[in-house]
Amino acid sequence: MKEKISGAEALMRALRQEGVKTIFGYPGGAIMPVYDSLYTYTRGENKWFDHILVRHEQAATHAAEGYARVSGDVGVAIVTSGPGATNTLTGVADAMMDSTPMVVIAGQVSIAALGTDAFQEVDLVGVAQPISKWSYQIRRPEDVAWAVSRAFFIARSGRPGPVVLDFPKNAQVHTCEWNPVKVSNVRSYQPYPKLDDISVRTAAELINKAKKPLALVGQGVELGNAQQELVEFLEKADIPAGRTLLGMSALPTDHPLDVGMLGMHGNYAPNIKTQECDVLIAIGMRFSDRVTGLPSTYAKQAKIIQLDIDPAEIDKNIKTDVAVVADCKESLPAITALLEKADHREWRASFKSLHDQELQVVIEPAIHPKEGPLLMGEVTNAVAEAVHGDAVLVNDVGLNQMFSSRYFKYNHKRSIVTSGGLGTMGFGLPAAIGASFGTNRTICLFTGDGGFQMSIQELGTIMEQNAPVKMILLNNSYLGNVRQWQDLYYEHRHSYTDMLNPDYAHIAKGYGIPYDVVVDRRDLQSKVEKMLSTDGPYILECAVRKEENVLPMTIPGRSVDEMSLVLDI
């Protein structure tokens, strides 16, 4: 007779079978049997998992996201039912928008109590279904092994994303025979579309004929681990490449073919040149509205080639001439093999005058100001120079996100963790915690005072774990990004965007975290070096200019070539 175990024990074994090592979670009544089983697996000779106790369930999902983004593994969060489960939904939606592999396991009331409005009952499968790759309720202990294996297969395969498992209490405590299951396919689900040779040849022919090609590099390159394949493709065809926010580390910052960041607050040259190129190659990016500006005017002069693993992205926002639907790790080398060695030096050189304009008008004043208060760009630049492009950038949402993403340096893959599609304030701090468990590299968190206070309770997690997160708090006492838009569109009526902040020195002291503050730029470099040389966590508060604007900017509703280097506000 086979061994009989509880459903909770089956979950532990199933997670172990999937190679899970780190779990982010928060216990509660409906998930208590799982936590009781977890006790054995986190202590003594039987230790298998590291469980990180967060201080809020939403933070568990963001931490799982940060872990997944830097490690390439599936992030795991375990929470209880009711509010515990609903608190994870923002993280689930964030992971869905940004294609982050994550499995959320939530407790649920027993099957017999479903539909009775029992204490902490909520239809998690129903509410999670539209914002996840798959949501499922495990109603019997016999189904645990299959459900967990299927969840991980769906989360990590193809275009990654979040999966939600609802785990009623009866299925946790009842017993079953342990039968390991390995799911390697799901009927009607084709995570890796078959590469079409005709599309590959057509794309290669267009690229070979191009006089002014431009590549747009997205996170799909990172998700497909195709960084080297990208470099070989770009170098053979001699194609300048812009990077999306989530694709910033898919190509090293110092690569000669890199022309900067795309999008509303990206670099001037790649945005302007989008409207001049004759062939536009989108690689693992989804033509977000933040990248395209006004879709009806976007790159109308160009033949558009889109490489994407998800057929749903083809023609969704921008009409393509050639679609190569496959994993870019497969499609890029297939196209590269058919390319002729090209030389587009004159086309590439045409980017320089635009870059020089931005350098003079925007970049140099942002990173090397001669007077006045500290600026976000110069703080980012100081940290970036000190870590030599080897650290991981994690940021929150708002001005801190745009400045730090623009001015950080990326020498390695999987070096940026940011909330792109959903733009979740409060993401940064817990995501940085998760990232610190997913890699041994230095984690630099840039956050504003608004986003920091949305998840400030996670300093308790940092304190307990001694998580080595270097927190750079860009404090302007404003919800800065909203304030910039209020200046643009609402006649400087700052309706509830100025903030009264706490004394962060006292808060850091309460959590036992080393702290310092920079007010004078003459102290910036030395205090950054002190932060980086201190073991464990550190908070470096930077008193930055109150009403600083992030530039350049493409005003919503305008074409990308109408990007402004200055704003009259």
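Going by the structure above, here's the rest.
The sections below set out a description of the structure shown in this document. Since this is a predicted model, take the numbers as computed values, not measurements.

Cut-offs and rules
- Residues numbered from 1 in each chain as written.
- Predicted model: local features only at pLDDT ≥ 70, side-chain atom pairs only at ≥ 80, totals over all residues.
- Heavy atoms only, no water.
- Disulfide = S-S within 2.5 Å.
- Pairing = 2+ DSSP bridges.
- Helix = DSSP H or I, 4+ residues; strand = E, 2+ residues; numbered from the N terminus.
- Axes fitted to C-alpha atoms, helices over the stretch in contact; angles between N-to-C directions.
- Parallel < 35°, antiparallel > 145°, perpendicular 65-115°, else oblique.
- Left-handed = near helix turned anticlockwise from the far one by under 90°.
- Contact = heavy atoms within 4.5 Å.
- Core = buried A, V, L, I, M, F, W, Y, C linked by side-chain atoms within 4.5 Å.
- Buried < 20%, exposed > 50% of the residue type's maximum accessible area, 1.4 Å probe, protein only.
- Right-handed = clockwise from strand over helix to strand, strands pointing away.
- Salt bridge = Lys/Arg side-chain N within 4 Å of Asp/Glu carboxyl O.
- Nonpolar A, V, L, I, M, F, W, Y, C, P; charged D, E, K, R; others polar.

### Looking at the state of the cysteines
In the structure shown here, the tally under the stated rule is 0 disulfides. Not engaged in a disulfide, the cysteine C277 finds its nearest cysteine sulfur in C328; these two sulfurs lie 20 Å apart. Just so you know, C542 is unpaired, no disulfide at all, and the nearest cysteine sulfur is the one on C444, 12 Å from it.

### A look at the sheet that holds strand 19 (residues 515-518)
Taking strand neighbours across the sheet as the criterion, the 6 strands line up as 16-15-17-18-20-19 in an open arrangement whose pairing is parallel. At either margin of the open sheet sits one strand with a lone partner, and together these are strand 16 (416-417) and strand 19. Pairing of strand 19 with strand 20 (residues 538-543) involves 4 bridges; the strand directions are parallel. Looking across to strand 20, one finds that Y515 is bridged to I539.

### Section: the packing of helix 3 (residues 57-71) against helix 18 (residues 428-438)
Running from amino to carboxyl end, helix 3 crosses helix 18 at an angle of 40°, the nearest separation of the two axes being 6 Å. Considered as vectors, helix 3 and helix 18 are oriented oblique to each other. Along this stretch, helix 3 crosses helix 18, giving a crossing that reads as right-handed. In this structure, helix 3 contributes A59, H62, A63, G66, Y67, V70 and S71 to the contact, and helix 18 contributes P430, A431, G434, A435, F437 and G438.

### Overview of the nonpolar core
With 64 residues, the main nonpolar core has L280, F287, Y298, F408, F446, I472 and C542 as its most contacted residues. Ranked by residue count, the leading element in this core is helix 15 (residues 345-367), at 7 residues. Leave out the neighbours within four places in its chain, and C542 touches L374, V379, I472, L473, L474, N475 and V518. Counting residues in hydrophobic clusters, the runner-up holds 38 residues, among them A10, I31, V76 and V144.

### Comments concerning the environment of T22
Following the sequence through the fold, T22 ends up in strand 2 (residues 22-25). A relative accessible area of 6% means that T22 is categorised as buried. In this structure the C-alpha to C-alpha distance between T22 and A93, which are 71 residues apart in sequence, comes to 21 Å. The residues contacting T22, other than those within four sequence positions of it, are D50, I52, Y67, V76 and F437.

### Some points on the pairing of strand 2
Side chains T22 and F24 of strand 2 all project onto a buried face; the interleaved residues I23 and G25 project onto the opposite face, where all are buried too. With 4 bridges joining them, strand 2 and strand 3 (residues 50-53) adopt parallel strand pairing. Note on strand 3: the bridge partner recorded for T22 is D50. Crossover handedness for the path strand 2 to helix 2 (residues 32-41) to strand 3: right-handed. Of the pairings in the sheet, the one linking strand 2 to strand 4 (residues 75-79) comprises 2 bridges and is parallel in character. Residue G25 lies in a different strand from strand 4, and its bridge partner there is I78.

### Observations regarding the pattern of salt bridges
This structure, assessed with the given rule, holds 24 salt bridges. Between R55 and E464 there is a salt bridge whose closest N-O contact spans 2.8 Å. Placement of the pair is R55 in the loop between strand 3 and helix 3 and E464 in helix 20 (residues 459-465), with a sequence separation of 409 residues. Relative accessible area serves as the criterion here: at 27%, R55 is assigned to the partly exposed category. The class for E464 is partly exposed, based on a relative accessible area of 45%. Residues K273 and E276 are paired through a salt bridge, measuring 2.9 Å at the closest nitrogen-oxygen approach. Each of the salt bridges in this network shares a partner with another, and the network as a whole consists of R159, D310, E313 and K316.

### Concerning the packing of helix 1 (residues 7-17) against helix 2
Two measures define how a pair of helices packs: the angle their axes make with one another and the distance between the axes. The N-to-C vectors of helix 1 and helix 2 enclose an angle of 50°; their axes lie 8 Å apart at closest approach. If you check the angle between helix 1 and helix 2, you find them oblique. Between helix 1 and helix 2 the crossing geometry is right-handed. When helix 1 is examined against helix 2, the residues A8, E9, L11, M12, R13 and R16 are found in contact with a partner set consisting of P33, V34, S37, L38 and Y41. Tallied by class, residues from the contact of helix 1 with helix 2 come to 7 nonpolar, 1 polar and 3 charged.

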